[in-house]
Amino acid sequence: FLDWVRIGAFALLVMYHVGMYYVTWDWHVKSPFASHTLEPFMLMTSPWRLSLLFFISGVATAFLLGKTPSGFLRKRSWRLLVPLIFGMIVIVPPQSYYQVVEQLPGGYHDGYLAFWARYLQNDQNFCRGNDCLDVPTWNHLWFVVYLWAYTVVLCLLRWVAPNGLARVGERIAKAFGTGFGLLLWP
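Attention here is on the structure that accompanies the text. (Residues numbered from 1 in each chain as written. Predicted model: local features only at pLDDT ≥ 70, side-chain atom pairs only at ≥ 80, totals over all residues. Heavy atoms only, no water.)

## Here we look at the overall build of the protein
Then comes step 1: Looking only at helices and strands, the protein features 9 helices and 2 strands.
Then comes step 2: Along the chain direction, N to C, the helices and strands of the protein fall in the order α-α-α-α-α-α-β-β-α-α-α.
Then comes step 3: Relative to its length of 186 residues, the protein is extended, with a C-alpha radius of gyration of 20 Å against a globular reference of 16 Å.
Then comes step 4: Referenced to the eigenvectors of the C-alpha coordinate spread, the extents of the protein come out at roughly 60 × 40 × 30 Å.
Then comes step 5: For the protein, the proportion of its 186 residues judged to be buried stands at 28%.
Then comes step 6: For the protein, the proportion of contacts with a sequence separation of at least 24, taken over those separated by at least 6, is 49%.
Then comes step 7: When the accessible area of the protein is evaluated, it comes to approximately 12,500 Å², of which 70% is carbon and sulfur surface.
Then comes step 8: Computed over 14 positive and 9 negative side-chain charges, the separation of the two mean positions in the protein equals 20 Å. (Helix = DSSP H or I, 4+ residues; strand = E, 2+ residues; numbered from the N terminus. Rg over C-alpha atoms; globule rule 2.2 N^0.38 Å. Buried < 20%, exposed > 50% of the residue type's maximum accessible area, 1.4 Å probe, protein only. Contact = heavy atoms within 4.5 Å. Areas by Shrake-Rupley, 256 points an atom, 1.4 Å probe, with all protein chains shown as cover. Lys, Arg positive; Asp, Glu negative; His and termini not counted. Charge placed at Lys NZ, Arg CZ, Asp CG, Glu CD.)

## Focus on the state of the cysteines
Disulfide: a covalent bond connecting the sulfur atoms of a pair of cysteines.
Then comes step 1: Evaluation of the coordinates by the stated rule reveals 1 disulfide.
Then comes step 2: In this model Cys127 forms its disulfide with Cys132; the gap between the sulfur atoms is 2.0 Å. Torsion about the S-S bond of the Cys127 and Cys132 cystine: about 105°, corresponding to right-handed handedness.
Then comes step 3: The class of Cys127 is partly exposed, set by a relative accessible area of 25%.
Then comes step 4: Taking relative accessible area as the criterion, Cys132 reaches 32% and is therefore assigned partly exposed. (Disulfide = S-S within 2.5 Å.)

## Focus on the nonpolar core
Then comes step 1: Ranked by size, the top nonpolar core spans 23 residues in total, and within it Val100, Tyr108, Phe115, Tyr119 and Phe126 carry the most contacts.
Then comes step 2: Looking at this core, the elements that each hand over two or more residues are helix 1 (2-20), helix 3 (49-67), helix 4 (72-91), helix 5 (93-103), helix 6 (112-120) and helix 7 (142-160).
Then comes step 3: Of the residues forming this core, the biggest block, 4 residues, is contributed by helix 7.
Then comes step 4: Those residues in contact with Phe115 that sit more than four places away from it in its chain are Pro93, Ser96, Tyr97, Val100, Tyr108 and Phe126.
Then comes step 5: Membership of the second largest hydrophobic core comes to 6 residues, among which are Tyr16, Met20, Val29 and Met42. (Core = buried A, V, L, I, M, F, W, Y, C linked by side-chain atoms within 4.5 Å.)

Dropping the structure here:
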């Protein structure tokens, strides 16, 4: 069940980010046909979109922690940091490239491979006034970075106060995990 909720949440997230190309809000790259039409639909997902993803990730983390308590941080780091690095090297650069092509004064004309080499070398010369593009970047993979940071904090708390963490979790579940609290608090 949780996997299907996650699939639905990510489907909404993908549609939201595709929609960012067509709305009037600031974004990395914009369509010449941007309009206000999609904005109300996108705003409807804003209050709960990220909360839902973090909630699903928290539940999945709890299940994983219950299955493999020893070596959890090492395993979780492998599952999060390797895809993050791959994403920063392979998935994110095209978005940064098109951002530079569209937003750099005078455009960028050296082609993708030349950009990618500069991207990997941490070139800080992609600037529009005082606004410079920091490369390499994780852009929208920030979520993975947050999950890893929360995993580190969780493991530290488990190490410092293993029983206290369980008691706090039970109290939170009792206070917010029933009735309307289950829908409102996340």
